[in-house]
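# Coordinate analysis (summary)
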Amino acid sequence: MRLSRYFLPVLKENPADAQIVSHRYMLRAGMIKQQAAGIYSWLPLGYRVLRRIEEIVHQEQVRAGHIPLLMPTLQPADLWRESGRYDDYGQEMLRIKDRHERDMLYGPTNEEMITDIFRAHVNSYKDLPLTLYHIQWKFRDEVRPRFGVMRGREFLMKDGYNFDVDKEAALHAYNRHMVSYLRTYERMGLTAIPMRAASGPIGGDNTHEFLVLANTGESEVFYDDRVTGLKLGAREIDYDDRAQVAAVCEEFTTLYARTDETHDPAVFETVPEAHRKVGRGIEVGQIFYFGTKYSEAMGATVVTADGRRVPVEMGSHGIGVSRLLGAIIEASHDDKGIIWPEGVTPFPVGIVNLKQGDGATDAACAGLYQALTARGLEPLYDDRDERAGAKFATMDLIGLPWRITVGPRGLTAGKVELTCRRTGQSEELSPEAAVDRVVQVYAAHR
Ligand code: 5CA
């Protein structure tokens, strides 16, 4: 993409109403535009990151054996009357009437609708286990939408629902989600800690939230700091292997890590003092096991191997897809702007032309552009007629992890400059070597 032809409405000034850094940078980098309280348009740069995050979520869900579908944003109220949640949900639910005066709502979550799909089509234990998920917009009429996409009213969520024949199988589905989430967040460059949580309006007694530590987080968290060193890494997971998946969950949930809702000071006291930490966190996901809460209320049953008809065992599992952009920026930025982890960056690399209009410099930039594109890495090429300082400031603000700077002086020695956004370190390399280096870096993220 050539910046001269792109739509990147960067703001010079700090927006007055943005209280936290991720919100400020998302506005300043031209990623989002507010349309109403808690409701945003996704401008091209923000939209690219959102799509990238969705892609990682999809890949890891499919890897775990979960099946994508798509349910609508608008739902009939009757489904929610069956579960009893139409009245319980209160003012957070956006209620709408259609032209026939039928009660509708903008879905805040989809337990009822997925249970309705299940009961219409599944009858036998032979069709289980089954986990269906979608990535769809939700609406919750939050009392205090704030911090940009972090607490929106309209927001994008991945929500998945498992259906199993018995509790043991459903708990395996719960564990499978935990492990797939750990991998998902790690691919985004995040450390998200599973913490025992409270279930709220979803229900159930087994639930974990995933928290990214950040001073600006809305939840207070209490943890043994050794938990932050745990990594899933590249280890192979067989998602059908109940013992292996359970062992990973055990590894990640044994050290003390809880939100204020489940915090137990007496147990916390047993953590060695040097490791006892109190901080704040951003909730980027939550998993729930709730058994037969919805299947019983809505008559979703299956016939077991021995011929009994039982309500299906369920759980639901959410990832805050749009919130993740804010969480990643909170975790990865400096005073110049965003520092995207390679896994989610909107463009893998930027090219800065220091002397637009100079034949050799333009040609070298065009050559780099072609070489990178041919190897599957679309660069953002700053080909505007601007001062070098302004170009660097834009690149730093939008946070591409790598930048190749091309100028007449370096080119006389056959060199361009490759700069790492995170460390600020630069290297003089031939254009070919710079391309190879960038290709190598991203090979690890595919
Ligand atoms: N049905 C369950 C799981 S599918 C559910 O709705 N869970 S949830 O309420 O915990 O939401 C899942 C995730 O969505 C949260 O962990 C959070 O990351 C994100 N989320 C929730 N509310 C908002 C909001 N107002 N703005 C942005 N993201 C949100």
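From a predicted model like this one, the values you see are computed outputs, not experimental measurements. (Residues numbered from 1 in each chain as written. Predicted model: local features only at pLDDT ≥ 70, side-chain atom pairs only at ≥ 80, totals over all residues. Heavy atoms only, no water.)

## Here we look at helix 12 (residues 388–398)
For helix 12, the full list of buried residues reads Ala-390, Lys-391, Thr-394, Met-395, Asp-396, Leu-397 and Ile-398. The secondary structure elements touched by the buried residues of helix 12 are helix 1 (21–28), helix 2 (44–63), strand 18 (337–338), strand 19 (349–353), strand 20 (380–382) and strand 21 (402–406). Immediately beyond the C-terminal end of helix 12, within one or two residues, lies Gly-399, with a positive phi of roughly 80 degrees. (Buried < 20%, exposed > 50% of the residue type's maximum accessible area, 1.4 Å probe, protein only. Helix = DSSP H or I, 4+ residues; strand = E, 2+ residues; numbered from the N terminus. Contact = heavy atoms within 4.5 Å.)

## A closer look at the sheet that holds strand 4 (residues 74–76)
Read across the sheet, three strands follow the order 4-6-5 without closing on themselves; strand pairing throughout is antiparallel. With partners counted over all chains shown, the strands left at the sheet margins are strand 4 and strand 5 (94–97), one partner each. Neighbouring strand axes in the sheet, compared pairwise and without regard to direction, differ in orientation by 35 degrees on average. Note that strand 5 and strand 6 (residues 103–106) share four bridges and pair antiparallel. (Pairing = 2+ DSSP bridges. Axes fitted to C-alpha atoms, helices over the stretch in contact; angles between N-to-C directions.)

## A closer look at the pattern of salt bridges
All told, the structure shown has 30 salt bridges when counted by the stated rule. Here Asp-334 and Arg-421 are joined by a salt bridge, their closest N and O atoms 2.8 Å apart. In this pair, Asp-334 is assigned in strand 17 (residues 333–334) and Arg-421 in the loop between strand 22 (416–420) and strand 23 (426–429), connecting sequence segments 87 residues apart. Of the residues examined, Asp-334 reaches a relative accessible area of 24% and is grouped as partly exposed. A relative accessible area of 8% places Arg-421 in the buried class. Residue Arg-375 pairs with Asp-436 through a salt bridge whose shortest N-O separation is 2.7 Å. Taken together, the residues span a long stretch of sequence, with Arg-375 in the loop between helix 11 (359–374) and strand 20 and Asp-436 in helix 14 (residues 431–443) at a distance of 61 residues. (Salt bridge = Lys/Arg side-chain N within 4 Å of Asp/Glu carboxyl O.)

## What to know about the site of the ligand
Around the ligand, the structure places 22 residues, and the nearest of them are Thr-109, Glu-111, Arg-140, Gly-152 and Glu-283. Glu-111 is positioned such that a nitrogen or oxygen atom in its side chain is 2.7 Å from a nitrogen atom of the ligand. Here Gly-285 contributes a backbone N or O atom positioned 3.3 Å from an oxygen atom of the ligand. In isolation the ligand has 600 Å² of accessible area, and contact with the protein removes 96% of it. (Near = heavy atom within 4 Å. Polar contact = N/O pair within 3.5 Å; in protein donor to acceptor, adjacent residues only side chain to side chain. Areas by Shrake-Rupley, 256 points an atom, 1.4 Å probe, with all protein chains shown as cover.)

## Some thoughts on the packing of helix 1 against helix 10 (residues 321–331)
The geometry of helix 1 relative to helix 10 is characterised by a closest axis approach of 8 Å and an angle of 105 degrees between their N-to-C directions. Between helix 1 and helix 10, the angle is such that the two are roughly perpendicular. Along the contact surface, helix 1 presents Val-21, Ser-22, Tyr-25 and Met-26, while helix 10 presents Leu-325, Gly-326, Ile-329 and Glu-330. When grouped by side-chain class, the residues that make up the contact of helix 1 with helix 10 number five nonpolar, two polar and one charged. (Parallel < 35°, antiparallel > 145°, perpendicular 65-115°, else oblique. Nonpolar A, V, L, I, M, F, W, Y, C, P; charged D, E, K, R; others polar.)

## Here we look at the layout of surface pockets
As a volume, the largest pocket reaches approximately 860 Å³. Only strand 8 (154–164), strand 13 (276–291), strand 16 (313–320) and helix 10 provide two or more residues apiece to the lining of the largest pocket. It is strand 13 that provides the largest number of residues to the lining of the largest pocket, a total of seven residues. Reported here for the second largest pocket is a volume of approximately 340 Å³. Lining of the second largest pocket is provided by 15 residues; of these, Val-10, Lys-12, Arg-384, Ala-390 and Thr-394 occupy positions nearest its centre. With four residues, helix 12 is the largest single contributor of residues to the lining of the second largest pocket. In terms of residue class, the lining of the second largest pocket is made up of nine nonpolar, one polar and five charged. (1 Å grid on protein atoms, 1.4 Å probe; cavity = no way out; pocket = protein on both sides within 12 Å on 5 of 7 lines; lining within 4 Å. Points joined across faces, edges and corners; volume = space filled by probe spheres on them.)

## Some words on the state of the cysteines
Tallied over the full model, the rule gives zero disulfides. Note on Cys-365: no disulfide assigned, nearest cysteine sulfur contributed by Cys-420 at a separation of 20 Å. (Disulfide = S-S within 2.5 Å.)

## Comments concerning the sheet that holds strand 21
Two orientations exist for strands paired in a sheet by backbone hydrogen bonds: parallel and antiparallel. Spatial strand order, 20-19-21-22-23: five strands in an open sheet with mixed pairing. Each of the sheet's edge strands pairs with one partner strand only, and the pair in question is strand 20 and strand 23. Pairs of neighbouring strands in the sheet enclose a mean axial angle of 20 degrees, with direction left out of account. For strand 22 and strand 23, the ladder comprises four bridges, and the chain directions are antiparallel. Note on strand 23: the bridge partner recorded for Leu-418 is Glu-427. Sheet strands in contact with helix 12 are strand 19, strand 20 and strand 21, and its direction is about 170 degrees off that of strand 19.

## Points about the packing of aromatic side chains
Tallied over the entire structure, the rule returns 12 aromatic pairs. Residues Tyr-6 and Phe-347 carry aromatic rings whose centres are separated by 5.7 Å and whose planes lie at 80 degrees to one another, so their mutual orientation is edge-to-face. Residue Tyr-6 is located in the segment before helix 1, and its partner Phe-347 is located in the loop between strand 18 and strand 19; the two are separated by 341 residues in the primary sequence. The class of Tyr-6 is buried, set by a relative accessible area of 16%. (Phe/Tyr/Trp six-rings, centres within 6.5 Å; stacked < 30°, edge-to-face > 60°.)

## Remarks on helix 2
Its 20 residues give helix 2 an end-to-end C-alpha distance of 28 Å, which sits within 8% of 28 Å, the value for a rise of 1.5 Å per residue. Residues Leu-45, Gly-46, Val-49, Leu-50, Arg-52, Ile-53, Glu-54, Ile-56, Val-57, Glu-60 and Gln-61 constitute the buried set of helix 2. (Expected span 1.5 Å × (residues − 1).)

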